[in-house]
Amino acid sequence: MTAPRKPILAGNWKMNHGPSQAARFFADFLNLAEPGDDRTIAFFPPAISFAAAREALQGRPDVRLGVQNVYWEESGAFTGELSVGMAKDAGAELVLVGHSERRHVFGETSEETARKVRAVLDAGLVPVLCVGETIDERRAERAEAVVAEQLAPVLEIVRADEVGELVIAYEPVWAIGTGVTATPDDARTMHAAVRERLRAAYGAEAADAVPILYGGSVKPDNAAELMSQPGVDGVLVGGASLDAAGFARIVKAAG
Ligand code: PGA
């Protein structure tokens, strides 16, 4: 029996919205999105805008914050990096791990991604693990195999008693920032394949607690249809999360 999973509407701002823009965004967004406990809203601002976002969200515990990346070491000589402990201290509840831009622009491997997931879980935060194939891999009919390869090192290090803390986001690389969305069928099929992997690793009960989000050119106009697919538990939104009115419409699309 599948436990009901609350929809998650997450906005990944990437390298957009500095501190003053973040404050302006939330001034608008909080007026448009009523507090509600039937869904989870989360934003991943750039680390430098985190404090401004947190300040703007005082009194709105229904809106969570996360960081876009972390390093697995706790502290030390790692210029430019951010530890999970620091993210937690700043008020982060979630961490994006293995986003396609980390993998493809910055060369992060699935093994490194797994180490980050481990560090995030050890700190008691929620890893949002991103997986997804490129267009060449899809054309070569390797989409499910590639996603399975990306999942494998993570499933090896996450125990059954903690997998309920994990969130997975399926984000086909060819759909990110391109305006091309996966069809509802593609999304449903891949979400089912990921769920099967989780069940094989952890058993149905533990596996079915894991929310699986879709990401890649989600817009106010296609969010409802994507989220109506069985097994699509919410969305991870890039470009369309930068606009307060647009993202508020996506939140409403969750029902
Ligand atoms: P997009 O990005 O919505 O701009 O396609 C999604 C993501 O990268 O998380």
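For the structure, see preceding data.
Below: a short report on this structure. All figures in this text were calculated on a predicted structure; none of them were measured in a lab.

Bringing the layout of surface pockets into the picture now. Over the atoms, a rolled probe matching the size of one water molecule traces out where space is still vacant. Volume-wise, the largest pocket comes out at about 490 Å³. Together, 19 residues line the largest pocket, and Pro46, Ala47, Gln68, Asn69 and Arg102 are the ones closest to its centre. A class-by-class count of the residues in the lining of the largest pocket yields 10 nonpolar, 5 polar and 4 charged. In this structure, the second largest pocket occupies an estimated 360 Å³ of space. The wall of the second largest pocket is formed by 18 residues, among which Ile8, Thr40, Arg64, Val126 and Val167 lie closest to the centre. Broken down by class, the residue content of the lining of the second largest pocket amounts to 10 nonpolar, 3 polar and 5 charged.

With a phi angle near 55 degrees, Glu141 is a residue other than glycine that sits in the positive phi range. Mapped onto the secondary structure, Glu141 falls in the loop between α6 (135–139) and α7 (143–157). Phi at Ser217 takes a positive value of approximately 55 degrees, unusual for a residue other than glycine. By secondary structure assignment, the location of Ser217 is in the loop between β7 (212–215) and α10 (223–227). Residue classification places Ser217 among the buried positions, given a relative accessible area of 9%.

Let us now look at the packing of aromatic side chains. In this description, an aromatic ring pair is defined by two values, namely the gap between the centres and the angle between the planes. The full count for this structure, using the stated rule, is 13 aromatic pairs. With 5.2 Å between their ring centres and 85 degrees between their planes, Phe25 and Phe26 make a pair best called edge-to-face. Arranged with centres 5.0 Å apart and planes meeting at 90 degrees, the rings of Phe26 and Phe43 form a pair that is edge-to-face. Linking Phe26 in helix α1 (residues 19–32) with Phe43 in strand β2 (residues 40–44), this pair joins segments that are 17 residues apart in sequence. Accessibility expressed as a relative area gives 1% for Phe26, which makes it buried. Judged by relative accessible area, which is 0%, Phe43 ranks as buried. Ring pairing ties together the aromatic residues Trp13, Phe25, Phe26, Phe29, Phe43 and Phe247, which thus form one cluster. Taking the ring centre of Phe106 as reference, the NZ or CZ of Arg102 above it sits at 4.2 Å.

Turning next to the site of the ligand. Around the ligand there are 13 residues in total, and Lys14, His99, Glu171, Gly177 and Ser217 lie nearest to it. Contact between the ligand and His99: an oxygen atom at 2.6 Å from a side-chain N or O atom of the residue. Coverage of the ligand by the protein amounts to 97% of the 280 Å² it exposes when considered alone.

With that settled, consider empty space enclosed by the protein. Evaluation of the coordinates by the stated rule reveals 1 cavity of 30 Å³ or more. Lining the largest cavity are Gly98, Ser100, Arg103, His104, Cys130, Val131, Gly132, Gln150, Glu171 and Val173. Per-element tally for the lining of the largest cavity: the top contributor is helix α4 (residues 100–104), with 3 residues. Residue composition of the lining of the largest cavity, by class: 3 nonpolar, 5 polar and 2 charged.

Another aspect to go through is the sheet that holds β2. Strand order around the closed barrel formed by 8 strands is β1-β2-β3-β4-β5-β6-β7-β8, with parallel pairing between neighbours. In this sheet, neighbouring strand axes are inclined to one another by 25 degrees on average, regardless of whether the strands run parallel or antiparallel. Direction of pairing for strand β1 (residues 8–12) relative to β2: parallel, over a ladder of 5 bridges. Each residue of the ladder has a partner; that of Gly11, found in β2, is Phe43. Contacts from helix α5 (residues 110–122) reach β4 (94–97) and β5 (126–131), with the element oriented near 160 degrees to β5.

Calculation notes
Residues numbered from 1 in each chain as written. Predicted model: local features only at pLDDT ≥ 70, side-chain atom pairs only at ≥ 80, totals over all residues. Heavy atoms only, no water. 1 Å grid on protein atoms, 1.4 Å probe; cavity = no way out; pocket = protein on both sides within 12 Å on 5 of 7 lines; lining within 4 Å. Points joined across faces, edges and corners; volume = space filled by probe spheres on them. Nonpolar A, V, L, I, M, F, W, Y, C, P; charged D, E, K, R; others polar. Helix = DSSP H or I, 4+ residues; strand = E, 2+ residues; numbered from the N terminus. Buried < 20%, exposed > 50% of the residue type's maximum accessible area, 1.4 Å probe, protein only. Phe/Tyr/Trp six-rings, centres within 6.5 Å; stacked < 30°, edge-to-face > 60°. Lys NZ or Arg CZ within 6 Å of the ring centre and 35° of its normal. Near = heavy atom within 4 Å. Polar contact = N/O pair within 3.5 Å; in protein donor to acceptor, adjacent residues only side chain to side chain. Areas by Shrake-Rupley, 256 points an atom, 1.4 Å probe, with all protein chains shown as cover. Pairing = 2+ DSSP bridges. Axes fitted to C-alpha atoms, helices over the stretch in contact; angles between N-to-C directions. Contact = heavy atoms within 4.5 Å.

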